[in-house]
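Chain by chain, the residues run as shown.
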Amino acid sequence: MNHILFLLTAAFCFPSITVAKIIEAGSPDKKNVITIETDNQVSYSLSRNGTKILDTCPLSLTVGNDTWGTDKCRKITRKSVSEKVEFIVPRKYKETVDNYNQVELIYKDYKIEFRIYNDGVAYRFVSTANNKQPVKKESVSFRFGQDHTSYTLLTDQLQNWFEQDYTVKPINALPKDSFSVAPVMVEVDKYKVLLAEANLYNYPGMYLQPAQESFHGIFANYPDKEVPYEGDNKIYASTRKDYLIPTCGKRVFPWRVIGTFDNASSILQSELIYLLSEEKEQAADYTWVKPGKVLWDWWNDRNIYHINFKSGINTDTYLYLVDYAAKHHIEYVLIDEGWSARNDLLTLNPDVDIPRICEYATKKRVGIQLWSKWVNIMRQMDEAFAQFSKWGVKGVKIDFMDRNDAKMVNFYEQVAIKATQYKLLVDFHGSYPNEGMRRKYPNLMTREGVIGLEYNKWSKRATVTHDVIIPYLRMWVGPMDYTPGAMLNAHPETFYENQHEPMSQGTRSHQLAMYVVYESPLQMISDSPTKYDENLRSFEFIKSIPTTWDETVPLEGEVGEYIALARRHDDTWYIGVINGATPRHIEIDLSFIGNGPKKIKAHIDGVNAGQQAKDSQIIEQVIKENEKLPIDMSRGGGYTGIIHIKK
């Protein structure tokens, strides 16, 4: 990402002549107003358009025996910034503007920075001296002052999969012995308030624990002893130190982020977590990063038929997948678990000839990506990544981390650095949700931290209602690897779990719309080639949808009900609508595309989709100027429309 233009810069900074005890600052559009109190202990409150969002929220950081945020502030500075930002890997846009007002409280050996954006506010501590003391505690609170409906991902374990079901309840009704994975949403009157963090490095990730009309941050202390878990797939901390990190040092700490939105759709425009995060080094070259779709073997259990070889974890299957990807212009093939020895990435399964597969894929202009559990990467990162590079591997999928303590967060960055060295793309699974690291390391393409399509193999948890919650919450913080693409589709009364020939909940058009709505620069094509050959009309739509976007226009929607948006790539617009559990009719204004009639090719729910979820139609529509696009969807339905713009 490059900074192109400074409109307002730090030249507008000025120190206060006397240190005020109460400081007020607003967002550039003046909708968000933060009031900071510096007397005794630093605290802040937040309003939007005059509506109180957060009541007085104290904050502090304990370093050694000192509690930062409770001593005397020496100076206050302010600045306003507006910078044009270009994305190396576009998620929503090719470019955006980083526009905020900042207040900085300066103390003897540290600072506290507040940034006020149009779509939220954030604060962080900054250590300005090379402090050798451990960081023992951070006090983070989000006090709402009233009980409001919240959306949480509750757990009672600091080590977990980060794949929970959403609990939708008032804050005061939540179990107080639980805590939530971030982000958390709270509905304050008409406003959607999202709580999260950004720029997480060498520090534990934040959970949010419910209390009376509030949430408080809790963190995993630094690991002491670690033990194998689930056989040898994972390593968990069995005991922990009495600190978060062993040494403070001279550094910035993670941002504590409050996103504020007037409605659900406006969340879809926000890149706040990214903008708050550290940029890549100026000299770092990521021109080799290539987004794209990924033909994946694991979800469909390599269930290929009408072929003349035995499908499975073997060379013939992967050569076939390479041929299929090349034929259909799919950029990558992901080889999941089983290609190597269980605990050694340098010992190949004798049935899987990785060098031959990679050589063949290179000739076919298809990239190979390899799966690994994180413990093997941790033990063999240097040797394995060097070998992957020699083979011609283009990416790695790393799984089963299940932790967000500081030691694990450091592992994520170690992977990013080493993968950059060997020009490998990275997909983290069994991971905590995004926190902005992808800005510094653009080869971090996507990550899990979500209940995705895989859950339909063994449960009923990936419901159509869940599908229309996650774009507003989980996707706000960054790309998510939901892994769509199922060709067997069912409603609740006909759905059943199946490991070997899995299906999805909702209609076929519901699945296809995910390719427009769900953001992931590496987007999985999860079903088997045989299933796609049997459903070529739907597959052609999947193939035609890009994985990165030049422009995003939210259209309408409600959390847990439905989502409708438009995205542009080059000269083509894509309309994606995912519906929840209730049949729905909407009408979309397409005037943002320009004047004149619009010719649309659409993949829609069939007439009988309410009974048979696989029922779909391909239609062509012409929407005249000043007309709206009518869309009818069944329960669990969806819509995908493609509009080519004539120059």
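Reading the values: the criteria
- Residues numbered from 1 in each chain as written.
- Predicted model: local features only at pLDDT ≥ 70, side-chain atom pairs only at ≥ 80, totals over all residues.
- Heavy atoms only, no water.
- Domains from an automatic or database assignment.
- Buried area = accessible area lost by both parts, 1.4 Å probe.
- Salt bridge = Lys/Arg side-chain N within 4 Å of Asp/Glu carboxyl O.
- Polar contact = N/O pair within 3.5 Å; in protein donor to acceptor, adjacent residues only side chain to side chain.
- Helix = DSSP H or I, 4+ residues; strand = E, 2+ residues; numbered from the N terminus.
- Nonpolar A, V, L, I, M, F, W, Y, C, P; charged D, E, K, R; others polar.
- UniProt positions renumbered as here; feature names shortened; annotations may be inferred.
- Axes fitted to C-alpha atoms, helices over the stretch in contact; angles between N-to-C directions.
- Parallel < 35°, antiparallel > 145°, perpendicular 65-115°, else oblique.
- Left-handed = near helix turned anticlockwise from the far one by under 90°.
- Contact = heavy atoms within 4.5 Å.
- Pairing = 2+ DSSP bridges.

Draft legend 1. Broad picture of the domain arrangement of the protein chain. According to the domain assignment, the protein chain contains domain 1 (22-276), domain 2 (292-449) and domain 3 (452-481 + 490-517 + 548-646). Of the roughly 2,500 Å² buried at the junction of domain 1 and domain 3 (both faces included), carbon and sulfur atoms supply 63%. A per-residue breakdown of the area domain 1 buries against domain 3 is headed by Arg-91, Tyr-166 and Leu-268, which together make up 28% of the total. At the junction of domain 1 with domain 3, the criterion picks out one salt bridge. Ionic pairing is found between Arg-461 and Asp-165, a salt bridge with its closest N-O pair at 3.0 Å. Counting the contacts that link domain 1 with domain 3 gives ten residue pairs in polar contact (both at pLDDT 80 or more). Looking at the side of domain 1 that touches domain 3, the elements with two or more residues in it are β16 (179-188), β17 (191-198), β23 (255-261), α1 (264-267) and α2 (272-275). Tallied by class, residues from the side of domain 1 that touches domain 3 come to 17 nonpolar, five polar and six charged.

Draft legend 2. Geometry of the UniProt feature "domain: Glycosyl-hydrolase 97 C-terminal oligomerisation" (unreviewed entry) in the protein chain. Under the UniProt annotation, "domain: Glycosyl-hydrolase 97 C-terminal oligomerisation" (unreviewed entry) lies at residues 548-641. Helix makes up 0% of residues 548-641 and strand 60%, with an end-to-end C-alpha separation of 17 Å.

Draft legend 3. Layout of the packing of helix α9 (residues 508-517) against helix α11 (residues 536-544). Running from N to C, α9 and α11 cross one another at 15°; their axes reach a closest spacing of 9 Å. Our classification of the angle between α9 and α11 gives roughly parallel. The element α9 and its partner α11 pack so that their crossing is right-handed. Contacts between α9 and α11 involve Arg-508, Leu-512 and Tyr-515 on the former and, on the latter, Ser-538, Phe-541 and Ile-542.

Draft legend 4. Representation of the sheet that holds strand β7 (residues 66-68). Pairing within the open sheet is antiparallel, and its three strands lie in the order β7-β6-β12. Of all the strands in the sheet, just β7 and β12 (135-139) have a single pairing partner and so form its edges. Across the sheet, the mean angle from the axis of one strand to that of its neighbour is 20°, orientation sign disregarded. Bridge count for strand β6 (residues 60-63) against β7 is three bridges, and the pairing is antiparallel. For Val-63, the partnering residue across the bridge sits in β7 and is Asp-66.

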